[in-house]
Amino acid sequence: MFYYVLKYVIIGPLLRLFFRPRIEGLEHIPEHGAAIVAGNHLSFSDHFLMPAILKRRITFLAKAEYFTGPGVKGRLTAAFFHSIGQIPVDRSGKDAGQAAIREGLGVLSRGELLGIYPEGTRSHDGRLYKGKVGVAVMAIRAQVPVVPCAMVGTFEIQPPGQVVPRIKRVTIRFGEPLDFSRYAGLENQKAAIRAVTDEIMYAILTLSGQEYVDEYAAKVKAAQAEQTRQTGRSKKFPKLRR
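Notes on the structure follow. All residue numbers refer to position in the chain's written sequence, counted from 1. Totals for whole chains, interfaces and linings use every residue, but because this is a predicted model, local features are given only for residues with pLDDT of at least 70 and side-chain atom pairs only at 80 or more, for both listing and counting. By convention in this description, side-chain values take in all heavy atoms of the structure and omit both hydrogens and water.

**Observations concerning the pairing of strand 8 (residues 171–174)**
Here is step 1: Here three bridges tie strand 1 (residues 22–24) to strand 8, and the two strands are oriented parallel to one another. Its bridge partner lying in strand 8, R22 is registered against T171.
Here is step 2: Inspection of the sheet shows strand 7 (residues 146–152) paired to strand 8 by four bridges, in the antiparallel sense. The partner of V152 across the bridge, within strand 8, is T171. If DSSP finds at least two bridges between two strands, the strands pair. A run of H or I in DSSP counts as a helix once it spans at least four residues, and a run of E counts as a strand once it spans at least two, with each numbered from the N terminus.

Here it is in structure tokens:
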């Protein structure tokens, strides 16, 4: 109930007022039944903007840190993310990926929309990074369509470290649903799930127009952090091309 109060009464109207999102391809979201919406992840604001414009409720897999913060602020943050339908997933340890897949399949088994960011983390420089294969495993195992989504402009309104978003118009694009029924039964084959993941990422890339990096974002972030630790300077990245 509180989800719909936030969506239609509190947060949703404010987001539409301030960011005036352009919405393209909304007709590609199925009106009924299970589906995965797979998008790029440029900003903390993404968590709110996409759900606000969808007619259906969508459940996202979110990092567990959002639910385990200390003190009053931590409890309020956890309560908020629970209220908007986020499911906490522990991204540490060797079983983290399997835990995320189990949670995602549970959402899909109920005929609901599942939102996922295949990159596994927010882009720290606005580029699109290599996708993790969990999205492919879920799509093949649940036999559901994958709708690619591109958030455009959200990096500019709230890049890493920006607490209060800048007021600027954004665009949210949805592509045609991708059908992976031809891979039925192959969710344990590395070549198959890599091919499916790459097809999903290419669809997102086509919609977003981002520069693509064929490495995992978390790995690049870690390397940059280590470089900063050793030299005291952050690596500079090229400006985004639009």
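Let's pick the thread back up.
**Examining the pattern of salt bridges**
Here is step 1: Within this document, salt bridges are pairs made up of a side-chain nitrogen of Lys or Arg and a carboxyl oxygen of Asp or Glu, the two lying within 4 Å of each other. For the structure on display, the rule yields eight salt bridges.
Here is step 2: A salt bridge links R173 to E24, with the shortest nitrogen-to-oxygen separation between them at 2.8 Å. Of this pair, R173 sits in strand 8 while E24 is found in strand 1, placing the two residues 149 residues apart along the sequence.
Here is step 3: Each residue's exposure class comes from its accessible area (1.4 Å probe, protein chains only) as a fraction of the maximum for that residue type: buried when under 20%, exposed when over 50%, partly exposed otherwise. On the basis of relative accessible area, R173 is assigned to the partly exposed category, the value being 25%.
Here is step 4: The partner of D198 in a salt bridge is R194, with the nearest N and O atoms 3.1 Å apart. Placement of both D198 and R194 in helix 7 (residues 190–208) is noted, with a separation of four residues, approximately one turn of the helix.
Here is step 5: Through salt bridges that share partners, D125, R127 and E211 make up one connected network.

**Observations concerning the packing of helix 5 (residues 134–142) against helix 7**
Here is step 1: The N-to-C vectors of helix 5 and helix 7 enclose an angle of 105 degrees; their axes lie 8 Å apart at closest approach. Looking at the two axes, helix 5 sits roughly perpendicular to helix 7. Contact residues: V135, A136, V137 and I140 in helix 5; I193, V196, T197 and I200 in helix 7.
Here is step 2: Under this grouping Gly is polar, as are all residues other than the nonpolar Ala, Val, Leu, Ile, Met, Phe, Trp, Tyr, Cys and Pro and the charged Asp, Glu, Lys and Arg. Partitioning the contact of helix 5 with helix 7 into residue classes produces seven nonpolar, one polar and no charged. All axes here are fitted lines through C-alpha atoms, helices being fitted over the stretch that makes contact, and every angle between N-to-C directions spans 0 to 180 degrees. Should an angle fall under 35 degrees it is called roughly parallel, over 145 degrees roughly antiparallel, and 65 to 115 degrees roughly perpendicular, with every other angle called oblique. Any two residues having at least one pair of non-hydrogen atoms within 4.5 Å are treated as being in contact.

**Some thoughts on the side chain of Q210**
Here is step 1: Looking at the secondary structure, you find Q210 in the loop between helix 7 and strand 9 (212–213).
Here is step 2: Taking relative accessible area as the criterion, Q210 reaches 7% and is therefore assigned buried.
Here is step 3: Polar side-chain contacts of Q210 include one of 2.8 Å to the side chain of N40.
Here is step 4: Within the structure, the side chain of Q210 is placed 3.0 Å from the backbone oxygen of G126, a separation counted as a polar contact.
Here is step 5: Every residue in contact with Q210, bar those within four places of it in the chain, is listed here: N40, L42, G126, R127, L128 and L205. A 3.5 Å cut-off defines polar contacts: any pair of N or O atoms within that distance qualifies, except that in protein one atom must be a possible hydrogen donor and the other a possible acceptor, and neighbouring residues in sequence count only when both atoms are side-chain atoms.

**Overview of the sheet that holds strand 3 (residues 58–63)**
Whether parallel or antiparallel, the strands of a sheet pair through hydrogen bonds between backbone atoms.
Here is step 1: Spatially, seven strands are ordered 1-8-7-2-5-3-4 in an open sheet, and the strand pairing comes out mixed. Looking along the sheet, the strands with just one partner apiece sit at the ends: strand 1 and strand 4 (87–89). Between one strand and the next, the sheet's axes are offset by a mean angle of 25 degrees, whatever the strand orientation.
Here is step 2: Relative to the sheet, helix 2 (residues 46–53) contacts strand 1, strand 2 (35–39), strand 3, strand 7 and strand 8, its axis offset from that of strand 8 by approximately 60 degrees.
Here is step 3: In the packing of helix 5 onto the sheet, the strands contacted are strand 2, strand 3, strand 5 (113–116) and strand 7, and the crossing angle to strand 2 comes to about 160 degrees.

**Digging into the nonpolar core**
Here is step 1: By size, the foremost hydrophobic cluster in this structure holds 33 residues, and its most contacted members are I36, L61, L108, M138, V146, F180 and I200.
Here is step 2: Mapped by element, the contributors of at least two residues to this core are strand 2, strand 4, helix 4 (96–109), strand 5, helix 5 and helix 7.
Here is step 3: Sequence-distant contacts of L61, that is, excluding residues within four places in its chain, are made with Q86, I87, V89, A100, E103, G104, L114, G115, I116 and M138.
Here is step 4: For the purposes of this section, nonpolar cores are sets of buried Ala, Val, Leu, Ile, Met, Phe, Trp, Tyr and Cys residues that join through side-chain atoms within 4.5 Å. Formed by 22 residues, the second largest nonpolar core is a distinct cluster that contains F19, I53, I58 and F60.

**Description of the pairing of strand 5**
Here is step 1: Going residue by residue along strand 5, you find L113 and G115 tucked away on one face and L114 and I116 tucked away on the opposite face as well.
Here is step 2: Where strand 3 meets strand 5, three bridges bridge the pair, whose relative direction is parallel. Within strand 5, the position partnered with F60 by the bridge is G115.

**Points about the side chain of N40**
Here is step 1: Along the chain, N40 falls in the loop between strand 2 and helix 2.
Here is step 2: A distance of 2.7 Å separates the side chain of N40 from the backbone nitrogen of M151, its partner in a polar contact.
Here is step 3: Excluding its chain neighbours within four sequence positions, the residues that come into contact with N40 are D46, Y117, E119, L128, C149, A150, M151, I204, S208 and Q210.

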